[in-house]
Amino acid sequence: MAGKVLVNLSTGLEDPERVTVAFLVAGAALQRGQEAAMFLTKDAVRLALPGHAEGVGCEGCPPLERLFAQFAEGGGELLACPYCVNARELDAESFVPKARVAGATPVFDWLGDEPGTVFSY
């Protein structure tokens, strides 16, 4: 399967249903054999912290812990906006594995020159 999938997520647990959908889309891409990353902006950068992606986003939705684990186990990457991380005084050294601070240029580097798909939530 060709093409990378980038999911831009700008909300954190203040909108858990949106977080759920973003992880479902990224997880589906990984299951299809595509590379997938999430560009975390605004309060979504907190999802890079251990134990933060928890709870159920909506009635009948899978738990965020399971979606987060499936995303990580599938090879998904979390790319956290540096300005958003700094504004919230988060310690990037404490991020979960496969999460790193990455601004716009590293995000474009990750996407590369081949066609890809971008979702925004």
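See the structure above.
**Notes on the state of the cysteines**
Here comes step 1: In the structure shown here, the tally under the stated rule is 1 disulfide.
Here comes step 2: With a sulfur-sulfur separation of 1.7 Å, Cys-58 is cross-linked through a disulfide to Cys-61.
Here comes step 3: On the accessibility criterion, Cys-58 (18% relative accessible area) is buried.
Here comes step 4: Given the relative accessible area of 18%, Cys-61 is considered buried.

**What about helix H4 (residues 104-111)?**
Here comes step 1: Looking at H4, one finds that the buried residues are Val-107, Trp-110 and Leu-111. The arc that holds every buried residue of H4, seen down its axis, measures 100°, which confines them to one face. For H4, the exposed residues set more than 90 degrees away from the buried face come down to Thr-105, Phe-108 and Asp-109.
Here comes step 2: Buried residues along H4 sit against strand E1 (5-9), strand E2 (36-40), strand E3 (77-80) and strand E4 (99-101).
Here comes step 3: Just downstream of H4, Gly-112 is the residue with a positive phi angle, here 75°.

**So, the environment of Leu-90**
Here comes step 1: Within the secondary structure, Leu-90 sits in the loop between helix H3 (82-87) and E4.
Here comes step 2: Considering only alpha carbons, one finds Leu-90 and Ala-48, 42 residues apart in sequence, at a separation of 9.6 Å.

**Some remarks on the packing of aromatic side chains**
Here comes step 1: Inspection of the entire model under this criterion finds 2 aromatic pairs.
Here comes step 2: An angle of 90° between the planes, with centres 5.5 Å apart, marks the rings of Phe-23 and Phe-71 as edge-to-face. Separated by 48 residues along the polypeptide, Phe-23 in helix H1 (residues 16-31) and Phe-71 in helix H2 (residues 64-73) bring together distant segments of the chain.
Here comes step 3: Here Phe-23 falls in the buried class, since its relative accessible area comes to 2%.
Here comes step 4: Judged by relative accessible area, which is 2%, Phe-71 ranks as buried.
Here comes step 5: A connected cluster of aromatic rings, assembled from ring pairs, spans Phe-23, Phe-68 and Phe-71.
Here comes step 6: Lys-4 extends its terminal NZ or CZ atom over the ring of Trp-110, reaching a point 4.7 Å from the ring centre.

**Points about unusual backbone geometry**
Here comes step 1: Even without a glycine there, the phi angle at Lys-42 is positive, about 50°.
Here comes step 2: Secondary-structure assignment places Lys-42 in the loop between E2 and H2.
Here comes step 3: Non-glycine residue Lys-98 carries a positive phi angle of around 70°.

**Some thoughts on the side chain of Thr-20**
Here comes step 1: Turning to its location among the elements, Thr-20 is positioned in helix H1.
Here comes step 2: Ignoring sequence-local partners within four residues, the contact set of Thr-20 consists of Gly-57, Cys-61, Pro-62, Leu-64 and Leu-67.

Conventions we followed
- Residues numbered from 1 in each chain as written.
- Predicted model: local features only at pLDDT ≥ 70, side-chain atom pairs only at ≥ 80, totals over all residues.
- Heavy atoms only, no water.
- Disulfide = S-S within 2.5 Å.
- Buried < 20%, exposed > 50% of the residue type's maximum accessible area, 1.4 Å probe, protein only.
- Helix = DSSP H or I, 4+ residues; strand = E, 2+ residues; numbered from the N terminus.
- Arc of directions from axis to C-beta.
- Contact = heavy atoms within 4.5 Å.
- Phe/Tyr/Trp six-rings, centres within 6.5 Å; stacked < 30°, edge-to-face > 60°.
- Lys NZ or Arg CZ within 6 Å of the ring centre and 35° of its normal.

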